[in-house]
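# Notes for the structure review
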Amino acid sequence: MNISEYKGVFVFAEQRDRKVQKVAFELIGKGRELAKELNTTVTAVLLGKDMKDEAKKLCYAGADACIYADDELLDLYMTEPYVYALNKIITDKKPEVVLFGATAIGRDMAPRVSARVHTGLTADCTGLAIEKDDTDADKLNLMMTRPAFGGNIMATIACPNHRPQMATVRPGVMKAAKFSEQNPVNIEEYKIDIPKKCKNVEILDVIPIIQQRMNIEDAKVLVSGGRGMHGPENYPMLEELANLLGGTISASRAAVDAGWVPKDRQVGQTGKTVRPNLYIACGISGAIQHLAGMEESEFIIAINKDDTAPIFDVADVGIVGDVFKVVPLLIDELKKERVSENK
């Protein structure tokens, strides 16, 4: 393999219902940083049907160019047509780096693509950086960091001998670049003929899952509970506080492992990474695995009886006290404020 032939950072722009997903914009933001280090460009790859307006948004979000493949078989996600199309594009364009979101689609698609282009894949990354190769100072490698051994250590992985270097990245970890409709639009309509044999399944119907609570990655306010909540019977109190603030609840791994809260509420290295405007940590000590998932929140309030808890090291406001006394007082004050506003 002639590694020098491979140039550019490619971002797979996941779409659902003909709408580009948030993780694609996050990856473009990180892709721009990597491309600057590599002295190259970042290109979004969009697969779908009748999505030219969405392709423009990828350029507005900071992509130097967008490769758009339009085909009926790419309208709804199916493994084989998508893998076939992206494999053709990568083989043709030879990018140096390819990034996917670590979503259900990204996790299904990325390992199959990596196998077809004969390269490695680092899954579920929380950090990406460029470093010089130990044996060749002129060669730059993508250093891909991910949790290992249940989140107890962080492993940094490189793929020095194969290209492209591929990774799936957790949603919410990277920061999207500034969106501007003044950015130049450069869309390449990629002609592709997907063989009929690739359609090995037939989608009869798509039934959207209606979540009872908002996704914690999208929430502007999170009220998060930990081991200090003592049991599931105490979470309605956090729900009430979250509702008053227009947010939702989340939890530490300890609370999820205890069965108090569903897995999709977990914040941390082995859960989800969040960046809300306000994060209220209730009864959470602040293990490093949890901090890695929420320390980029804009404003953090921590409530804990232990004044030496590590959570206070990242908190903007720390309240040393009993969560079962402090939270009800907060709820009462918010209710009073609501009443006075409505008068």
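See the structure above.
Report on the accompanying structure. (Residues numbered from 1 in each chain as written. Predicted model: local features only at pLDDT ≥ 70, side-chain atom pairs only at ≥ 80, totals over all residues. Heavy atoms only, no water.)

## Examining the environment of Gln 266
With respect to the helices and strands, the residue Gln 266 is situated in the loop between α6 (253–257) and β15 (278–282). Sequence separation between Gln 266 and Met 214 is 52 residues, and the spatial gap between their C-alpha atoms is 13 Å. Dropping the residues within four chain positions of it, Gln 266 is found in contact with Ile 216, Ala 251, Ser 252, Arg 253, Val 256, Gly 271 and Lys 272. Within the structure, the side chain of Gln 266 is placed 2.9 Å from the side chain of Thr 270, a separation counted as a polar contact. (Helix = DSSP H or I, 4+ residues; strand = E, 2+ residues; numbered from the N terminus. Contact = heavy atoms within 4.5 Å. Polar contact = N/O pair within 3.5 Å; in protein donor to acceptor, adjacent residues only side chain to side chain.)

## Quick word on the pairing of strand β14 (residues 248–251)
In β14, alternate side chains face the same way, and those of Thr 248 and Ser 250 on one face and Ile 249 and Ala 251 on the other are all buried. Where strand β13 (residues 221–225) lies against β14, 4 bridges are found, and the strand directions are parallel. If you follow Ser 224 over to β14, its bridge partner there is Ser 250. In this fold, β13 hands off to helix α5 (residues 235–244), which returns the chain to β14; that crossover is right-handed. (Buried < 20%, exposed > 50% of the residue type's maximum accessible area, 1.4 Å probe, protein only. Pairing = 2+ DSSP bridges. Right-handed = clockwise from strand over helix to strand, strands pointing away.)

## Quick look at the packing of aromatic side chains
Under the defined criterion, the tally for this structure stands at 5 aromatic pairs. Between Phe 25 and Phe 179 the ring centres are 6.5 Å apart and the planes differ by 90°, which places this aromatic pair in the edge-to-face class. Within this pair, whereas Phe 25 is found in helix α1 (residues 22–38), its partner Phe 179 is found in the loop between β11 (165–169) and β12 (187–189), the two being separated by 154 residues in sequence. Given the relative accessible area of 18%, Phe 25 is considered buried. With a centroid separation of 4.8 Å and 70° between ring planes, the pair formed by Tyr 77 and Tyr 82 is classed as edge-to-face. Residue class for Tyr 77 comes out partly exposed when judged on its relative accessible area of 22%. On the accessibility criterion, Tyr 82 (2% relative accessible area) is buried. (Phe/Tyr/Trp six-rings, centres within 6.5 Å; stacked < 30°, edge-to-face > 60°.)

## Some words on the sheet that holds β13
What links the strands of a sheet is backbone hydrogen bonding, and the strands pair in either a parallel or an antiparallel sense. Pairing within the open sheet is parallel, and its 5 strands lie in the order β14-β13-β15-β16-β17. What marks the edges here is a single partner per strand, and that holds for β14 and β17 (317–320). Averaged over all adjacent pairs, the angle separating strand axes in this sheet is 20°, with direction ignored. Here strand β16 (residues 299–304) pairs with β17 via 4 bridges, running parallel. Looking across to β17, one finds that Ile 301 is bridged to Val 317. Where α5 meets the sheet, its contacts fall on β13, β14 and β15, and the angle it forms with β14 comes to roughly 135°. (Axes fitted to C-alpha atoms, helices over the stretch in contact; angles between N-to-C directions.)

## Examining the side chain of Lys 49
Here Lys 49 lies in the loop between β4 (42–48) and α2 (52–60). Of the polar contacts made by the side chain of Lys 49, one reaches the side chain of Asp 70; its length is 3.4 Å. Those residues within four positions of Lys 49 in sequence are excluded, and the remaining contacts are Arg 18, Tyr 68, Asp 70, Asp 71, Glu 72 and Asp 75.

## Section: helix α4 (residues 104–116)
When α4 is considered as a whole, its buried residues turn out to be Ile 105, Gly 106, Met 109, Ala 110, Val 113 and Ser 114. At the C-terminal side of α4, His 118 shows a positive phi close to 60°.

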